[in-house]
Amino acid sequence: MKIAQAFHPLLSSFEVILRNQLHYALARHFSDGNWIINQKSGLMVASSLTYTNKRTKKKLPMTIS
């Protein structure tokens, strides 16, 4: 428990830095600082981002709501 507590501040800082860097990279990529709102249809369009409906066995695209 003490080891986990010792790493918590470091992991928290790493998470913030990683999140900010991802935002900066995606904002540059889309030339849009508000990419998370404006680029919903352009962000997750890879065909591999699908899921299979267990009931119907149909492959469906994942959507961002």
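Everything numeric in this text was worked out from a predicted model, so none of it was measured. (Residues numbered from 1 in each chain as written. Predicted model: local features only at pLDDT ≥ 70, side-chain atom pairs only at ≥ 80, totals over all residues. Heavy atoms only, no water.)

**Brief notes about the pattern of salt bridges**
Moving on, step 1. Inspection of the entire model under this criterion finds 1 salt bridge.
Moving on, step 2. Between E15 and R19 there is a salt bridge, and its shortest N-O distance comes to 3.0 Å. Placement of both E15 and R19 in helix α1 (residues 2-30) is noted, with a separation of 4 residues, approximately one turn of the helix.
Moving on, step 3. Note on R19: relative accessible area 45%, which makes it partly exposed. (Salt bridge = Lys/Arg side-chain N within 4 Å of Asp/Glu carboxyl O. Helix = DSSP H or I, 4+ residues; strand = E, 2+ residues; numbered from the N terminus. Buried < 20%, exposed > 50% of the residue type's maximum accessible area, 1.4 Å probe, protein only.)

**Topic: a nonpolar patch on the surface**
Moving on, step 1. On the surface, a nonpolar cluster with roughly 450 Å² of combined accessible area is contributed by I3, F7, L10 and L11.
Moving on, step 2. By secondary structure assignment, the location of L11 is in helix α1.
Moving on, step 3. Judged by relative accessible area, L11 falls into the exposed class, the value being 53%. (Patch = residues over 30% accessible without salt bridge, like charges linked within 9 Å, V, L, I, M, F, W, Y side chains within 5 Å. Areas by Shrake-Rupley, 256 points an atom, 1.4 Å probe, with all protein chains shown as cover.)

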